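Architecture and fold: a report
This is what each chain is made of:
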Amino acid sequence: MARVIVMGAGISGHTAALYLKRALGRDHEVIVVSPAANYNWIPSNIWVGVGRMDEKQVRFPLRPVYERLGIEFHQALGVAIRPFGDKLDPTGAIDITYTDPARTREAARLRYDYLINATGPKLNFAATPGLGPDANSLSVCTVDHAQATAKAFAEVIKEMKSGAHKRLVVGVGHGGCTCEGAAFEYTFNVEHELRQAGVRDMAELTYLTNEYELGDFGVGGLAFDQQGFVSNSKLWTESLFRERGVAAIVGAHVRAVDPGIIHYELLDGTTGELPFDFAMLLPPFRGVEMKAYDAEGNDISEQVFAPSGFMNVDADYAPKPYEEWSPEDWPKTYQSVMAKNVFAIGIAFAPPHPISRPRTSSTGTVISPAPPRTGMPSGVMGRTVAESIARRIKEGTGAALGTASMGAACIASAGAGMRNGSAASMTMYPIEPASPNQGGISRQYRERSASPATGRS
Amino acid sequence: MPTDPNGPSPIDSTAEAIANAPLPTPRTLRLRKSIPRQIVRFFSFNARMLRMVAKGHS
């Protein structure tokens with residue numbers, strides 16, 4: 001009987017666990033380790049953040065689901081990986097600390113035959129002084145954050161209804177952030193709710209981003225066929241900003257957030273201050289805090305993980321200039337470089353490099369989006385790796401590994417409502433450009449399309 | 001990249017680009033609210049996503 005451990009129960013990990021159990025049945029063990037008791041459909045946190053959904057609608061307890069399926073669930077935080085076991089046993093193992101209220105702070109070492117690291121991001125608010133809900137800005141990254149943000153949003157609307165003018169800022173809180181699409185989505189949901197509340201004219205709304213230009217979305221922009229002409233996401237996005245009266249500051253690195261003031265630097269080295277009454281700024285991502293040790297107990301974290309904390313897999317990590325970036329640099333099987341029975345999927349794997357052109361300011365500050373980490377490829381990775389592992393368990397360690405390529409379909413709500421809401425949909429396949437050096441828009445447009453805002457809920 | 005003292009600031013450049021961006025036509029605005037049209041687009045987009053998901057595995 002083989003044992004597979006999945007660390008993390010987000011889009012990637014939960015998908016992997018379900019496909020593993022389906023493929024392996026009762027003959028083998030599938031174990032999920034996650035510090036959270038609940039599954040959270042993170043994309044809907046945007047709507048929690050404007051008060052349109054409540055927490056019950058976006059999360060559900062994991063344990064009952066896993067019990068029904070025969071998946072063993074440990075509510076615990078992973079603290080270390082031992083790919084080569086320890087002095088007692090060469091079988092790979094993970095060290096965990098329980099967050100389960102019945103076993104809080106209890107430690108354990110779980111052995112595995114195969115391990116999937118699907119631990120997702122650490123929300124690195126600490127990268128920018130003053131950033132985050134424990135400091136001076138808001139977030140929608142978790143349900144709890146989004147609920148607090150919804151409360152603050154309701155309060156600012158109330159004040160506008162009393163006649164006060166307010167300045168709202170939505171964006172990313174560091175020059176190296178990703179998830180610009182989520183910030184874009186929250187911006188237009190905020191704008192929509194302001195109109196619904198009848199206070200749009202009392203609000204000044206600004207989108208603050210590290211993207212070089214609007215429509216970059218961390219992928220260098222998209223090109224698409226619009227009525228026989230090649231149009232681009234820059235024009236499409238600027239059109240939406242004009243239509244909805246939203247201002248934008250691009251190419252920005254947030255240096256610090258003080259109460260009511262964002263301090264930023266632009267690509268040309270100039271600095272500025274943006275006063276606000278309401279600010280939702282996404283944090284940059286790192287890998288979760290986890291160490292790796294060899295069988296003797298020596299720290300091998302630097303070999304297993306990139307400096308960002310994400311796990312190195314079958315990607316080409318050799319430093320190279322932007323002009324030499326290639327889709328071939330990206331992983332195919334998501335297998336760890338250190339151990340053939342360890343995989344990293346979703347946000348947990350280390351990308352070889354960004355996708356947008358890297359830029360630094362004239363003072364040397366990196367202001368350029370990290371590669372986007374979106375749901376569709378995360379789910380595809382989860383399934384692909386689960387099926388790879390199941391095949392190896394059933395057919396032997398020589399069985400072929402499946403490969404997953406990164407396509408993305410992003411559906412951005414721009415305001416809820418069946419008749420008066422709107423949304424934008426974008427598909428890109430593959431995400432990585434065939435050739436990076438094709439000017440501002442680096443995509444063959446056939447498989448990459450953005451649909452302008454449409455009226456749908 | 002040094003700022004051209006005679007050129008617009010990056011913030012002004014973005015504001016100008018937004019101010020000059022095309023706006024949707026009245027027909028486009030009507031089509032956004034057309035339920036039959038949006039139903040067709042909804043199914044078309046979902047079909048495209050399913051094709052992408054299938055292509056993503058091998």
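Conventions adopted
- Residues numbered from 1 in each chain as written.
- Chains lettered and ligands numbered in written order.
- Predicted model: local features only at pLDDT ≥ 70, side-chain atom pairs only at ≥ 80, totals over all residues.
- Helix = DSSP H or I, 4+ residues; strand = E, 2+ residues; numbered from the N terminus.
- Rg over C-alpha atoms; globule rule 2.2 N^0.38 Å.
- Buried ≥ 20, exposed ≤ 12 C-beta atoms within 10 Å, placed from the backbone.
- Contact = placed C-beta atoms within 7 Å.
- Pairing = 2+ DSSP bridges.
- Axes fitted to C-alpha atoms, helices over the stretch in contact; angles between N-to-C directions.
- Domains from an automatic or database assignment.
- Nonpolar A, V, L, I, M, F, W, Y, C, P; charged D, E, K, R; others polar.
- Parallel < 35°, antiparallel > 145°, perpendicular 65-115°, else oblique.

From N to C terminus, chain A includes nine helices and 24 strands. Taken over the C-alpha trace, chain A has a radius of gyration of 22 Å; the compact-globule value for 457 residues is 23 Å, and the two agree within 12%. Overall size of chain A, expressed as C-alpha extent along the three principal axes, is 70 × 50 × 45 Å. Every one of the 457 residues in chain A was classed for burial, and the buried ones make up 54%. Partitioning the contacts of chain A with sequence separation of at least 6, the portion at a separation of at least 24 is 68%.

Residue and element names in this part refer to chain A. Strand order in the open sheet formed by four strands is 14-11-10-18, with parallel pairing between adjacent strands. Looking at the sheet topology across the chains shown, the edges are occupied by strand 14 (247–249) and strand 18 (278–282). Across the sheet, the axes of successive neighbouring strands diverge by a mean angle of 15 degrees, strand direction being ignored. As paired strands, strand 11 (residues 203–208) and strand 14 are joined by three bridges and run parallel to one another. Bridging across to strand 14, Thr206 finds its partner in Ala247.

All right, on to the sheet that holds strand 16 (residues 261–266) of chain A then. All names here are of chain A. The sheet built from three strands is open, its strands ordered 15-16-17 with antiparallel pairing. The sheet is open, and its two borders are formed by strand 15 (252–258) and strand 17 (271–275), each paired with just one other strand. With strand direction ignored, the average angle separating the axes of adjacent strands in the sheet is 25 degrees.

Quick look at the domain arrangement of chain A now. All names here are of chain A. Split by domain assignment, chain A resolves into domain 1 (3–122 + 285–395) and domain 2 (125–283 + 408–454). Measuring from the centre of the C-alpha atoms in domain 1 to the corresponding centre in domain 2 gives 27 Å. Counting from both sides, the interface comprises 37 residues of domain 1 and, opposite them, 51 residues of domain 2. Mapped onto the side of domain 1 that touches domain 2, the elements with two or more residues apiece are helix 2 (45–48), helix 3 (55–58) and helix 9 (375–395). For the side of domain 1 that touches domain 2, the leading source of residues is helix 2, giving four residues. Across the side of domain 1 that touches domain 2, the residue classes break down as 19 nonpolar, eleven polar and seven charged.

In this section: the interface of chain A and chain B. Opposite the 36 residues of chain A that make contact, chain B presents 28 residues. Where the side of chain A that touches chain B is concerned, the elements lending two or more residues are helix 7 (233–244), strand 14, helix 9, strand 23 (423–428) and strand 24 (449–454) of chain A. Sort the elements by how many residues they give to the side of chain A that touches chain B and helix 7 of chain A lands first, with six residues. Along the lines of polarity and charge, the residues of the side of chain A that touches chain B split into 14 nonpolar, 15 polar and seven charged.

Residue and element names in this part refer to chain A. In the sheet, strand 12 (residues 223–226) pairs with strand 13 (residues 229–232) via four bridges, with the strands oriented antiparallel. Its bridge partner lying in strand 13, Phe224 is registered against Ser231. Between strand 12 and strand 13, which follow one another and run antiparallel, lie two residues, and Gln227 among them has a positive phi close to 50 degrees.

How two helices sit against one another is set out by the angle between their axes and by the gap between those axes. Relative to each other, helix 7 of chain A and helix 1 (residues 10–19) of chain B sit at 80 degrees, their axes nearing to 8 Å. Classified by the angle their axes make, helix 7 of chain A and helix 1 of chain B are roughly perpendicular. On helix 1 of chain B, the residues that touch Glu238, Phe241 and Arg242 of chain A of helix 7 of chain A are Ala17, Ile18 and Ala19 of chain B. Its residues assigned to classes, the contact of helix 7 of chain A with helix 1 of chain B shows four nonpolar, no polar and two charged.

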